[in-house]
Amino acid sequence: MVFTLGPFFQDLCDLGEKCTNCPSETIMFATILSLIFGYSKDKNKLKRKIPNELDFIIVGAGSAGCVLANRLTEIEDWNVLLLEAGEEELELSKIGSSFFLSFGSSINWNYKTEADANSCQASNGCLMPRGKVMGGSSSINGMLYVRGSPSDYDNWAKLGNDGWSYKDVLPYFKKSENNLDNNIVSANPQFHNKGGYLTVEKFPHTDINAQLLTKAWQEMGYKYVDVNANNSQIGVMNIQTTSLNGRRQSTNSAFIRPIRHKRRNLYIETEAFVTKVKIDPATKKTIGVEYINKYGEKKTVMVRKEVIVSAGAINSPKLLMLSGIGPADELKKHNISVIKDSPVGRNLQDHVTFNGLRIKLNNTSTKKSLKKRIADLQQYLKNRTGPLAKIGPVESATFVKTTFETEKQVPDIEYNYEPFDSDGQLSITNSYELITVIPVLLNPKSRGTITLNPSDPIMGPPVIRQGFFTKSPDRERLREGIRIFQSLFKTKVFQENGMTLEDTPWPLCERFQFNGDYYWYCMMKQYTETDFHPVGTCKMGPESDVDAVVDPGLRVRGIKGLRVVEASIMPIIVRGNTNAPTIMIAEKASDMIKNDWK
């Protein structure tokens, strides 16, 4: 079926041209996309009655949970229940260029961190979007397929996590992968694979400014590399994405849709808010979960083998604490019986950055009227091609090493980019006039915490304290990252294309000399942002690690039949985007679970 745009959209277009007191064209176009694609093709399917007892219950259908549900139901004798607090995935999610439309929506937990003396002050806390939908954050992220540095995993193993070295985890990265770029696969077959559930590709419509950014870095002497293959990540690449023919591949679309109505041993319930993992306090054995369904009814489902918590680095520690597993002093504050005193919610890490380092664009190739944007939409509706089938400047990424990094051939800064319109609004990538540079600190020393909401621990959002810039040399590394990037303004590529530094001081930092060190330190403090990669709050570690919540098998220490499987188990954050590593963790955990229950 080919969709057409009726008179309503033509009226909107005319309004955008003539009206002087209307929403911006970016907002108007975003509204059009939401109207057309704000539905799910997974709705209104025949639902089967969920048994009162199952072999496995997975809490959270995100980047890890969907993978687990697929792999565990490969065993026909096991029945598996996948519970997701959010709704079915919307078709809007397929349009990678519109990922920011989830901000503030019902498919996002819309968390916000606490402001502190060192960060997130301008907005009284930093945004922390998390996917509340089938596919979790893989349904709302930027789709960049980056695994991290091999040394990340080797360091996990050195900490006592046997079986988690790069040699051990590489097969699980490859197991998921269906890489459509024959050149990449043939150049590095030992690192890549075809035939997995997760499609990886480069977007078919390449953004002109992404090309210019990549060329400028090459002019600076940085090699074009495959960041997922070489022993050294340092260099620049037009990054591959988790997409298929220009459309998002969430873990829901990659791992669940192909099997959802074929495997009778898979049960799925959406809009199921899990409030507690039931644990026998005498035996310390997991016996089930309690949740609230879409009708507000309280439900209990029992488990024979395991409950697997895959709710993410924010919600997994919250659920464990509500279930009696966590720091004893924190649980007692909320009158929760302590089943296991455990350092749950500590060791929070994230890739910190800030807003305000921007490129002014002189070319007009990416600036479009609403009429032209609608023409792009018509092209996308017709054959899923054109400017909407891209992610704009986001697809170019560079990894560099500052003077603070002591490991050889290992980066500590990654550069990402976001498209903005002239009003300073994050824009859909088929029309933008500014590029915000995102220099991401890959190996922060600072740590934060997750604790329960003091007034409503069950339904209220947890308290997220990131602790950014509390340890040195985090801000000094980021400052050097700013200076390294600014060298690009001297390149021929930037100069010949009129790409200049946007030099208007931001209000809360205008008392400092623009572009001086103290100006940028102020920007880090006031206009802090993250790359939305929270990890570490249910840390994996050996028995000797007093800060560890789970063992190297991802089993919760001191509790039988309970695991945590997702990014919260990372002892140290990886030097790259976290979606691909989370999928890897779930692939590896699936095999460990199968081996344990043979």
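The structure contained in this document is the topic of the report that follows.

Each value, and the rule that gives it
- Residues numbered from 1 in each chain as written.
- Predicted model: local features only at pLDDT ≥ 70, side-chain atom pairs only at ≥ 80, totals over all residues.
- Heavy atoms only, no water.
- Helix = DSSP H or I, 4+ residues; strand = E, 2+ residues; numbered from the N terminus.
- Rg over C-alpha atoms; globule rule 2.2 N^0.38 Å.
- Buried < 20%, exposed > 50% of the residue type's maximum accessible area, 1.4 Å probe, protein only.
- Contact = heavy atoms within 4.5 Å.
- Areas by Shrake-Rupley, 256 points an atom, 1.4 Å probe, with all protein chains shown as cover.
- Lys, Arg positive; Asp, Glu negative; His and termini not counted.
- Charge placed at Lys NZ, Arg CZ, Asp CG, Glu CD.
- Disulfide = S-S within 2.5 Å.
- Phe/Tyr/Trp six-rings, centres within 6.5 Å; stacked < 30°, edge-to-face > 60°.
- Lys NZ or Arg CZ within 6 Å of the ring centre and 35° of its normal.
- Core = buried A, V, L, I, M, F, W, Y, C linked by side-chain atoms within 4.5 Å.
- Expected span 1.5 Å × (residues − 1).
- Pairing = 2+ DSSP bridges.
- Axes fitted to C-alpha atoms, helices over the stretch in contact; angles between N-to-C directions.
- Salt bridge = Lys/Arg side-chain N within 4 Å of Asp/Glu carboxyl O.
- Parallel < 35°, antiparallel > 145°, perpendicular 65-115°, else oblique.
- Left-handed = near helix turned anticlockwise from the far one by under 90°.
- Nonpolar A, V, L, I, M, F, W, Y, C, P; charged D, E, K, R; others polar.

**Here we look at the overall build of the protein**
Moving on, step 1. Looking only at helices and strands, one finds 15 helices and 25 strands in the protein.
Moving on, step 2. Taking 2.2 N^0.38 as the reference for a compact globule, 598 residues should give roughly 25 Å; the C-alpha atoms of the protein span a radius of gyration of 23 Å, in line with that estimate.
Moving on, step 3. Referenced to the eigenvectors of the C-alpha coordinate spread, the extents of the protein come out at roughly 70 × 55 × 55 Å.
Moving on, step 4. Classification of the 598 residues of the protein by burial places 63% in the buried group.
Moving on, step 5. Taking as baseline every contact in the protein between residues at least 6 positions apart, the subset at least 24 positions apart corresponds to 70%.
Moving on, step 6. Of the roughly 23000 Å² of accessible surface on the protein, a fraction of 49% belongs to carbon and sulfur atoms.
Moving on, step 7. Side chains of the protein carry 75 positive and 66 negative charges; the gap between the two charge centres is 3 Å.

**Quick notes on the state of the cysteines**
Moving on, step 1. Considering all chains together, one arrives at two disulfides under this definition.
Moving on, step 2. Note that C120 is cross-linked by a disulfide to C126, the S-S spacing being 2.0 Å. Because the torsion about its S-S bond is -100 degrees, the bridge between C120 and C126 counts as left-handed. Here C120 matches C126 in class, with each residue buried.
Moving on, step 3. The disulfide that involves C509 links it to C522, with 2.1 Å between the sulfurs. Of note, the bridge from C509 to C522 carries an S-S torsion of about -85 degrees and is left-handed in sense. With a gap of 13 residues between them, C509 in the loop between β23 (500–501) and α14 (517–526) and C522 in helix α14 connect regions that are remote in the sequence. For the pair shown, C509 and C522 are each scored as buried.

**Some words on the packing of aromatic side chains**
Aromatic ring pairs: the centre-centre distance and the angle between the two ring planes describe each pair.
Moving on, step 1. In total, this model carries 23 aromatic pairs according to the counting rule given.
Moving on, step 2. Seen in terms of ring centroids, W109 and Y111 are 5.7 Å apart; in terms of plane orientation they differ by 15 degrees. Their pairing is stacked. Comparing W109 with Y111, the two get one shared label, buried.
Moving on, step 3. Site record: aromatic cluster; members linked through ring pairs are W217, Y222, Y415, Y417, F485, F489 and F494.
Moving on, step 4. Taking NZ or CZ as reference, R48 lies 4.3 Å from the ring centre of Y267, over its face.
Moving on, step 5. The residue whose ring lies beneath K132 is W109, and the NZ or CZ to ring-centre distance is 4.6 Å.

**Side note on the nonpolar core**
Side chains of nonpolar character tend, in soluble globular proteins, to be buried together.
Moving on, step 1. One finds L554 and L562 to be the most contacted residues of the largest nonpolar core, which totals 92 residues.
Moving on, step 2. Sorting elements by how many residues they give to this core places helix α15 (residues 579–596) first, with eight residues.
Moving on, step 3. Aside from chain neighbours lying at most four places away, what touches L562 is V277, I279, T286, V307, V309, L320, I325, L554, R555 and V556.
Moving on, step 4. Core analysis: the next-biggest nonpolar cluster, separate from the first, contains 42 residues, L361, I413, Y415 and L478 among them.

**Quick look at the environment of N230**
Moving on, step 1. Among the structural elements, N230 can be located in the loop between α7 (208–219) and β7 (235–238).
Moving on, step 2. Distance in space between the C-alpha atoms of N230 and N188 is 8.6 Å, their sequence separation being 42 residues.
Moving on, step 3. Non-local contacts of N230, meaning those with residues more than four positions away in its chain, are made with P150 and V225.

**Concerning α15**
Moving on, step 1. Here α15 is 18 residues long and its end C-alpha atoms lie 26 Å apart, about the 26 Å a rise of 1.5 Å per residue gives.
Moving on, step 2. For α15, a buried count of 15 out of 18 residues is recorded, marking the element as mostly surrounded by other parts of the structure.

**What to know about the pairing of strand β18 (residues 396–400)**
Along a regular strand, successive side chains alternate from one face of the sheet to the other.
Moving on, step 1. Burial analysis of β18 places five of its five residues in the buried class, which makes it a mostly covered element.
Moving on, step 2. Taking every second residue as pointing to the same face, both faces of β18 are buried, with S396, T398 and V400 on one and A397 and F399 on the other.
Moving on, step 3. Two strands pair when backbone bridges link them, and β7 and β18 are joined in this way by four bridges, in the antiparallel orientation. Within β18, the residue paired with V236 across the bridge is T398.
Moving on, step 4. Note: β18 against strand β19 (residues 413–420), three bridges, orientation antiparallel. Paired with T398 across the bridge in β19 is Y415.

**Quick word on the environment of M540**
Moving on, step 1. You can see M540 is positioned in the loop between β24 (528–530) and β25 (562–564).
Moving on, step 2. The contact partners of M540, leaving out residues within four places of it in the chain, are W156, N161, W164, D545, A548, V550, D551, P552, L554, I569 and P571.

**Concerning the sheet that holds β23**
Moving on, step 1. Spatially, β7-β18-β19-β20-β17-β23 is the arrangement adopted by the six strands of the open sheet, whose pairing is antiparallel. Two strands lie at the open edges of the sheet, namely β7 and β23, each paired on one side alone.
Moving on, step 2. With respect to the sheet, helix α12 (residues 474–486) is in contact with β17 (358–360), β18, β19, β20 (434–441) and β23, its orientation differing from that of β19 by roughly 65 degrees.

**Digging into the pattern of salt bridges**
Moving on, step 1. A complete count under the given rule lists 29 salt bridges for this structure.
Moving on, step 2. Across the pair K294 and E271 runs a salt bridge whose closest N-O atoms are separated by 3.8 Å. Residue K294 is located in the loop between β12 (285–292) and β13 (298–309), and its partner E271 is located in the loop between β10 (266–269) and β11 (273–280); the two are separated by 23 residues in the primary sequence.
Moving on, step 3. Here E290 and K278 are joined by a salt bridge, their closest N and O atoms 3.4 Å apart. Of the two residues, E290 is situated in strand β12 and K278 in strand β11; the sequence distance between them amounts to 12 residues.
Moving on, step 4. Note on E290: relative accessible area 25%, which makes it partly exposed.
Moving on, step 5. Exposure remark for K278: the relative accessible area of 22% places this residue in the partly exposed category.
Moving on, step 6. Within this structure, D152, E405, E407, D412, R477 and R575 form a network of salt bridges that share partners.

**Observations concerning the packing of helix α5 (residues 166–176) against α15**
Moving on, step 1. Remark: α5 packs on α15, axes separated minimally by 8 Å, with the N-to-C direction vectors making an angle of 105 degrees. Taken together, the axes of α5 and α15 are roughly perpendicular relative to one another. Residues V169, Y172, F173, K175 and S176 of α5 lie in contact with α15, whose contacting residues are A580, P581, I583, M584, E587, K588 and D591.

**Here's the deal with the packing of α12 against α14**
Moving on, step 1. Look at α12 against α14: their axes get within 10 Å of each other, and the N-to-C directions meet at 115 degrees. Crossing handedness for the pair α12 and α14: right-handed. Contacts between α12 and α14 involve R475, E476, L478, R479, I482, R483 and Q486 from the first element and D517, W520, Y521 and M524 from the second.
Moving on, step 2. When grouped by side-chain class, the residues that make up the contact of α12 with α14 number five nonpolar, one polar and five charged.

Honestly, that's just the spatial picture; any functional story needs more than this.
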